[in-house]
Amino acid sequence: MRLVLMGGSLRPESLNARLLRHLAIRLEARGHDVSSFTGEALRLPHYEEGLAPSPETRTLHEGLQAAQGLVIVSPEYNAGIPGHLKNAVDWLSTMKPSPWPGLPVLLCAASPGAFGGARALMAWRATLANMGALTLPETLTVPHADQQLDGDGAATDPRTAAAAAKTLEGFLSLVARLR
Ligand SMILES: Cc1cc2nc3c(=O)[nH]c(=O)nc-3n(C[C@H](O)[C@H](O)[C@H](O)COP(=O)(O)O)c2cc1C
């Protein structure tokens, strides 16, 4: 299946980018066609009516157009969506054809905090519903991610690792059903 992963913060040491890379490797190992958008690929100009999309924005749009499923790995900033990711989503919502209606989405987050970024994912849910995307009810969150993620982005806590595997399976089943 053609899957896109999008997320992480703009900082090179991003825990969410580390988790994203780990998920991308797992999905590729299972034979899926994976494209990742993270770091500099998400440093887009601020959305402005009348401003033409940048080449990077068009590349992201093309990636999502071709995707059968999207995995978002989002940091939590002040209980919400970080600005660079919301900006990317706003660009994508204005471009034709919109990639969002009917697109299955898995929401993931990693945070050093105790809630693992779960509050940002609630904000994501509202935004994605507004655009017609189909968000999997289950999410993947990694609390205390500064301690819980190893260097390759895998969860060191066995319960979190097992939950991650189960959630990924649920997402792949949803994508397969909607394909
Ligand atoms: C402006 C700002 C707001 C933040 N707000 C939250 C928050 O509401 N909840 C939380 O768990 N972490 C919060 N954090 C901490 C981030 O979760 C932490 O910096 C995390 O490492 C960011 O993700 P990254 O590692 O992918 O860059 C915030 C960080 C920043 C810079």
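Residues numbered from 1 in each chain as written. Predicted model: local features only at pLDDT ≥ 70, side-chain atom pairs only at ≥ 80, totals over all residues.

Now for the overall build of the protein. A tally of helices and strands in the protein yields six helices and six strands. Helices (α) and strands (β) of the protein occur, in sequence order from the N terminus, as β-α-β-α-β-α-β-α-β-β-α-α. Its C-alpha atoms give the protein a radius of gyration of 15 Å, within 12% of the compact-globule value 16 Å for 179 residues. Judged by the C-alpha coordinates and their principal axes, the protein covers about 50 × 35 × 25 Å. The 179 residues of the protein split such that 41% are buried. For the protein, the share of sequence-separated contacts (at least 6 apart) that also reach a separation of at least 24 residues comes to 75%. (Helix = DSSP H or I, 4+ residues; strand = E, 2+ residues; numbered from the N terminus. Rg over C-alpha atoms; globule rule 2.2 N^0.38 Å. Buried ≥ 20, exposed ≤ 12 C-beta atoms within 10 Å, placed from the backbone. Contact = placed C-beta atoms within 7 Å.)

Let's shift gears to the environment of Pro99. Within the secondary structure layout, Pro99 lies in the loop between α3 (83-94) and β4 (104-110). For the pair Pro99 and Glu28, spaced 71 residues apart in sequence, the C-alpha to C-alpha distance is 22 Å. Residues in contact with Pro99, not counting those within four places in the same chain, are His61, Leu64, Gln65 and Leu92.

Not every one of the 17 residues close to the ligand is listed here, only the nearest: Ser9, Ser14, Asn16, Pro75 and Gly113. Looking at side-chain class alone, the shell around the ligand contains seven nonpolar, eight polar and two charged residues. (Near = placed C-beta within 6 Å. Nonpolar A, V, L, I, M, F, W, Y, C, P; charged D, E, K, R; others polar.)

In this section: the environment of Ala145. Looking at where Ala145 falls in the secondary structure, it is placed in helix α5 (residues 145-148). Taking the C-alpha atoms as reference, Ala145 lies 30 Å from Gly132; in sequence the two are 13 residues apart.

Locating Gly8 in the fold gives a position in the loop between β1 (2-7) and α1 (15-29). According to the C-beta neighbour criterion, Gly8 is buried, with 28 such atoms within 10 Å. Considered as a pair, Gly8 and His84 are 76 residues apart in the sequence and their alpha carbons are 9.7 Å apart. Look past the residues within four positions of Gly8 in its chain and what remains in contact with it is Ser14, Asn16, Ala17, Leu20, Thr38, Gly39 and Val73.

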